[in-house]
Amino acid sequence: MSATLLNLYDLTHEELRVQLVRWGFNPFHTARLWNYLYIELADSFDAMPELPAKVRARLATDARLGVLATALETDSSDGFTRKYLLSLADQERIETVLMRYTGRVTACISSQVGCAMGCVFCATGQMGYTRHLTPGEIVAQAVHVARALRQSTQPPHSQCHVIGDTSGPRLRNVVLMGMGEPLHNYDAVMQAVDILRDERGLALGSERITLSTVGVVPGILRLTKEKRPLHLAVSLHAATQAGRAALVPAAKKWPLDELMAACRTYSETTGRRIFYEWTLIEGQNDSADHARAVGRLLHGLPAQVNLIPLNPTAGYAGSPTRTDAARHFQHILQEEFKLPSTVRQRRGIDIAAGCGQLAVAEK
Ligand code: SAH
Ligand code: SF4
């Protein structure tokens with residue numbers, strides 16, 4: 001199918017209404033069509049029988065439903081994680097992960113094919129940048145996971161939402177932590193967030209969407225100005241400019257002091273806490289001194305630290321911090337700085353679906 005046709009997943013509810021009117025149809029059909037897209041999760045125009053035939057005929061010629069084809073689907077051995085390799089209309093590929101742990105059902109979605117930021121320990125960074133995803137390609141990943149959940153016969157691990165005859169668990173959380181840097185693709189990501197949040201559809205409220213950034217300062221300031229309703233996570237990894245620049249090349253463009261100033265502005269303006277991510281690499285950034293440096297850096301900020309023991313990738317030789325050392329790091333943050341933190345569970349590593357492991361082989 002041609003990638004140039006209008007992708008319905010690109011449009012907000014209002015834009016869809018305007019488009020139907022432009023085609024000469026009654027705007028009354030918007031609600032029905034939106035329902036098919038985001039409640040029924042229809043995977044073709046044929047699966048929209050209650051739309052008038054003339055509307056469906058127009059959609060079939062002038063629009064497309066940007067459903068993503070599954071090229072490969074892999075389950076982790078513990079059954080908590082499923083990874084989808086998805087094909088885009090131009091044959092590029094991305095990965096999307098469905099996680100069913102900590103009592104939630106979460107989709108980890110991608111914002112770009114590859115990534116331009118080049119973090120040394122990240123498989124996506126190691127593959128380089130190909131292109132931005134469109135809003136519809138970002139939305140379609142969440143729809144893909146929601147549809148898969150709907151079809152799943154496994155007992156729901158958490159909140160069960162019954163729609164029609166179906167009994168699969170409902171998608172409740174989305175994290176923009178897959179392939180790519182979401183604030184490098186700001187407009188498309190925010191359009192997708194608006195569509196995901198729409199209460200008439202997937203209804204992923206502001207508490208349900210988390211965006212993780214490598215620290216794109218202009219993007220954080222724009223989020224602040226626009227008061228975007230989402231959780232913000234900032235990938236820190238080091239508490240000095242030199243230490244950070246060695247792991248995250250983007251730190252040379254947006255230095256640590258500018259990043260922290262932007263984070264402070266964000267929290268002061270929005271009243272929101274920021275999650276600071278810290279990939280724990282043995283012997284590199286996991287000592288007691290490093291923990292104290294984090295504590296000092298984040299002092300006085302509404303913050304939670306998410307510690308992520310390094311996941312293996314082909315292009316980086318470092319080792320993950322051992323569990324006892326990670327606990328000690330956490331203990332220092334809590335006892336000396338009253339700074340809450342979590343150590344991310346290492347799940348999906350056997351299928352390379354952990355943080356920073358998403359990449360696609362060359363076609
Ligand atoms: N580009 C965004 C979001 C995607 S990466 C960002 O960098 O924040 C999601 C998280 O995984 C980031 O905190 C990133 O630093 C972390 N990460 C990347 N590679 C990793 C690896 N090999 N092991 C553990 N965490 C990793
Ligand atoms: Fe890009 Fe995030 Fe990976 Fe860095 S960690 S290369 S910003 S995806």
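What counts as what
- Residues numbered from 1 in each chain as written.
- Chains lettered and ligands numbered in written order.
- Predicted model: local features only at pLDDT ≥ 70, side-chain atom pairs only at ≥ 80, totals over all residues.
- Heavy atoms only, no water.
- Buried < 20%, exposed > 50% of the residue type's maximum accessible area, 1.4 Å probe, protein only.
- Helix = DSSP H or I, 4+ residues; strand = E, 2+ residues; numbered from the N terminus.
- Pairing = 2+ DSSP bridges.
- Phe/Tyr/Trp six-rings, centres within 6.5 Å; stacked < 30°, edge-to-face > 60°.
- Lys NZ or Arg CZ within 6 Å of the ring centre and 35° of its normal.
- Near = heavy atom within 4 Å.
- Nonpolar A, V, L, I, M, F, W, Y, C, P; charged D, E, K, R; others polar.
- Core = buried A, V, L, I, M, F, W, Y, C linked by side-chain atoms within 4.5 Å.
- Domains from an automatic or database assignment.
- Contact = heavy atoms within 4.5 Å.

Caption draft 1: The pairing of strand β5 (residues 93-99), seen in detail. Counted residue by residue, β5 has six buried out of seven residues, so it is predominantly covered. For strand β4 (residues 81-87) and β5, the ladder comprises seven bridges, and the chain directions are antiparallel. Paired with R82 across the two strands is L98, which belongs to β5. Taken together, β4 and the strand that follows it, β5, pair antiparallel across an intervening segment of five residues, in which Q91 is found at a positive phi of about 75 degrees. Judged from the three bridges that link them, β5 and strand β6 (residues 106-108) form a sheet pairing that is antiparallel. Looking at the pairing, L98 lines up with A107 of β6.

Caption draft 2: Quick look at the packing of aromatic side chains. The full count for this structure, using the stated rule, is four aromatic pairs. When the centroid spacing of 5.9 Å and the interplanar angle of 50 degrees are considered together, the rings of Y9 and Y38 count as tilted. Highlighted residues: Y9 in the loop between β1 (6-7) and α1 (13-22) and Y38 in helix α2 (residues 29-38), separated in sequence by 29 residues. Y38 matches Y9 in its accessibility class, with the two residues each being buried. Aromatic side chains W34 and Y38 sit 4.6 Å apart centroid to centroid with 55 degrees between the ring planes, which places their arrangement in the tilted category. Remark: Y38 and W34 occur in helix α2; sequence separation between them is four residues, near one turn of the helix. For W34, a relative accessible area of 1% translates into the label buried. By relative accessible area, Y38 is classed as buried at 2%. Pairwise contacts between aromatic rings join Y9, W34 and Y38 into one cluster. In this structure, R32 is placed above the aromatic ring of Y36, and the distance from its NZ or CZ to the ring centre is 4.5 Å.

Caption draft 3: How the structure looks around the site of ligand 2. Around ligand 2 sit C115, M117, G118, C119, C122, G125, G180, E181 and V214, and those are all the residues in its vicinity. Broken down by class, the residue content of the shell around ligand 2 amounts to five nonpolar, three polar and one charged.

Caption draft 4: Summary view of the nonpolar core. Counting 113 residues, the largest nonpolar core has Y276 and L298 as its most contacted members. Ranked by residue count, the leading element in this core is helix α5 (residues 135-151), at nine residues. Three or more residues apiece are contributed to this core by two domains, here domain 1 (6-64) and domain 2 (69-351). In this structure Y276 touches V234, L236, M260, C263, L298, L301, A303, Q304, V305 and N306, once residues within four positions along its chain are discounted.

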